[in-house]
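One-letter residues, chain by chain:
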Amino acid sequence: MSALEIKGLSKVYSNGNVALHDVSLSVPKGSFFALLGPNGAGKSTLINILADTVLATGGSARLFDQDLFAERNWCKRQIGVVPQEVAFDPFFTPREVLAITSGLFGSKPDDAWIDHLLDRLELTAHVGKNTRQLSGGMRRRLLVAQALVHKPKLVILDEPTAGVDVELRRRLWGFMRELNAAGTTILLTTHYLDEAEELCDHVAIIDQGKVVTAQPMADLMQQVASSYLWMNYDKPLSLSEADTLALTDFKPRVSDTGVCLQLGKLENGQSTFHTAYEAAVARFGPPQDAGVRSEDLEDVFLRLTKKEIRERT
Ligand SMILES: Nc1ncnc2c1ncn2[C@@H]1O[C@H](COP(=O)(O)OP(=O)(O)OP(=O)(O)O)[C@@H](O)[C@H]1O
Ligand SMILES: [Mg+2]
C-alpha cells in the first residue's frame, strides 16, 4: 500500500504562477522518500497542500488509502509536517510549544514522549528559554519536534536541516532513520543531495512544477549515473583525429595533461574499464595517475534538471 498517492495535482497561485502542473507521485509505505528540485520547482507548494496551508487547484491525493481532501481531520493526525519557514509564538518555551501542539491534535501531552523528543533533538539544555531566545538551528529542531509530537505515520520535512550544523545534522538524520526503521514513512526535501542519496530509498525530482523522474534511488542511479576513467600525464596531451576515432566509444575529453573517458557497460554487466584503459594507454602511454569516478546524485540531478554537469575529473 502507498502511504501517499498523488494524482494530477496542480496549483496555480492567484497571481497566475503555475507552481504544480499535473503532478502524480506514489510514496510507498515505510519508504524514506526524497522530493528534490531546484529553487522554485514546487516542492514547498506540494508539501503545503499536504499540510493544508495551500489549496490545490486540481487533482486528488490519498493518504493511507483515505481521501486527503475529504478526510482532512483524520489525515492531519497521520501527518507531521516540518515547514520550510520557521515561525513560533515568541513567548513560549520549547516544552510549552510541544504541549500546545499536542492539544491541537486533541490529545493530552505525552510527557515521556515530549522529553524523548527534546532529548533526541538536543533541546533539553534549552527548555528554560523562550523560543525568541533560541538560535536559528535550535528553532528548526524545535520545529521537527513539533511535527513529531503526535507520533505521525507520515513525516514530511521541508528542508529540515537548513542552518543546522554538520554534527547535529548527522544526529538528526540518525533519529529520522530510527523512526523510519520503526515503520514511519518519511518524505523530505533538501538541497543537500549527498545526504538525500545516503538516506533515501526513493526519489522524485520535480522541476518547474512537473515530475522529471520518480523511482527507487538505486534504479535511478543505475539508469542515469555514468562512470568515468580519468588519467593524468606529466606531458601535454592533444587528441588527433585518429585518437578521437579510436576512443569515440568513450566520448573522450582532453584537458591540458589529462584525458577522461566515459565508461559503459558490457553485455555481461561489467564496465568497459579495461578496454578504455588499454585504448588510452595505446594512444598516450601509461599514465602517471588514474582513477574512476562514478557520478553521484548531484550529477544526475543537474543532468535531469538540465543544469551544467560539473567537471570533477
Ligand atoms: N504564495 C505564492 N504566490 C504566488 N506564487 C508563489 C507563492 N508561493 C510560491 N510561489 C511560486 O510557486 C513556485 C514554486 O515555489 P515553491 O516555494 O513551491 O518552490 P520550492 O521548490 O519549494 O523552492 P525552494 O527550493 O526555493 O524552497 C515558484 O515559482 C514560486 O515563485
Ligand atoms: Mg521550498
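Residues numbered from 1 in each chain as written. Chains lettered and ligands numbered in written order. Predicted model: local features only at pLDDT ≥ 70, side-chain atom pairs only at ≥ 80, totals over all residues. Heavy atoms only, no water.

## Notes on the coordination of the magnesium ion (ligand 2)
Each protein donor to the magnesium ion (ligand 2) is listed here as Ser44 (OG) and Gln84 (OE1); together their distances run 2.0 to 2.1 Å. Placement of the pair is Ser44 in helix α1 (residues 43-50) and Gln84 in the loop between β6 (79-82) and α3 (94-104), with a sequence separation of 40 residues. According to the relative accessible area criterion, Ser44 is buried, its value standing at 18%. (Donors = N, O, S within 2.8 Å, 3.2 Å for Na, K, Ca; no water. Helix = DSSP H or I, 4+ residues; strand = E, 2+ residues; numbered from the N terminus. Buried < 20%, exposed > 50% of the residue type's maximum accessible area, 1.4 Å probe, protein only.)

## What to know about empty space enclosed by the protein
Evaluated as defined, the whole model comprises one cavity of 30 Å³ or more. Of the volumes computed, that of the largest cavity is approximately 30 Å³. Lining the largest cavity, in full, are Arg120, Leu121, Glu122, Arg141, Leu168, Arg171 and Leu172. If one sorts the elements of the lining of the largest cavity by residue count, helix α6 (residues 166-181) sits on top with three residues. A class-by-class count of the residues in the lining of the largest cavity yields three nonpolar, no polar and four charged. (1 Å grid on protein atoms, 1.4 Å probe; cavity = no way out; pocket = protein on both sides within 12 Å on 5 of 7 lines; lining within 4 Å. Points joined across faces, edges and corners; volume = space filled by probe spheres on them. Nonpolar A, V, L, I, M, F, W, Y, C, P; charged D, E, K, R; others polar.)

## A look at unusual backbone geometry
Positive phi outside glycine occurs at Asp22, with the angle close to 55°. Mapped onto the elements of the fold, Asp22 is located in strand β2 (residues 18-28). Phi at Gln208 is positive, roughly 50°, even though this residue is not glycine. Relative to the elements of secondary structure, Gln208 occurs in the loop between β9 (202-207) and β10 (210-216). Look at Gln208 and you get exposed, because its relative accessible area is 66%.

## Considering the site of ligand 1
Surrounding ligand 1, one finds 15 residues, the nearest of these being Asn17, Gly40, Lys43, Ser44 and Thr45. At a separation of 2.9 Å, a nitrogen atom of ligand 1 approaches a polar side-chain atom of Asn17. Against a free-state accessible area of 640 Å², the protein chains account for coverage of 65% of ligand 1. A class-by-class count of the residues in the shell around ligand 1 yields four nonpolar, nine polar and two charged. (Near = heavy atom within 4 Å. Polar contact = N/O pair within 3.5 Å; in protein donor to acceptor, adjacent residues only side chain to side chain. Areas by Shrake-Rupley, 256 points an atom, 1.4 Å probe, with all protein chains shown as cover.)

## Section: the sheet that holds strand β5 (residues 66-67)
If you trace the four strands from one edge of the open sheet to the other, you get β2-β1-β4-β5, paired in antiparallel fashion. Both edges of this open sheet fall to β2 and β5, since each of them pairs with a single strand only. Note that strand β1 (residues 2-12) and β2 share seven bridges and pair antiparallel. Bridge pairing in β2 places Ser2 opposite Pro28. (Pairing = 2+ DSSP bridges.)

## Examining the pattern of salt bridges
A complete count under the given rule lists 14 salt bridges for this structure. A salt bridge links Glu122 to Arg171; the shortest N-O distance between them is 2.5 Å. You can see Glu122 sitting in the loop between α4 (111-120) and α5 (136-148) and its partner Arg171 sitting in helix α6, a full 49 residues away along the chain. Assessed through its relative accessible area of 27%, Glu122 is described here as partly exposed. For Arg171, a relative accessible area of 37% translates into the label partly exposed. Several salt bridges share partner residues, and in doing so they unite Asp52, Arg72 and Lys76 into one network. (Salt bridge = Lys/Arg side-chain N within 4 Å of Asp/Glu carboxyl O.)

## Here's the deal with the pairing of strand β4 (residues 58-63)
One ladder, built from five bridges, connects β1 with β4; its direction is antiparallel. When the sheet's bridge partners are listed, Glu5 is paired in β4 with Arg62. Alignment of β4 against β5, held across two bridges, turns out to be antiparallel. In the strand pairing of β5, Arg62 is matched with Asp67. Here β4 hands over to β5 after two residues, with Phe64 in that stretch at a positive phi of 45°.

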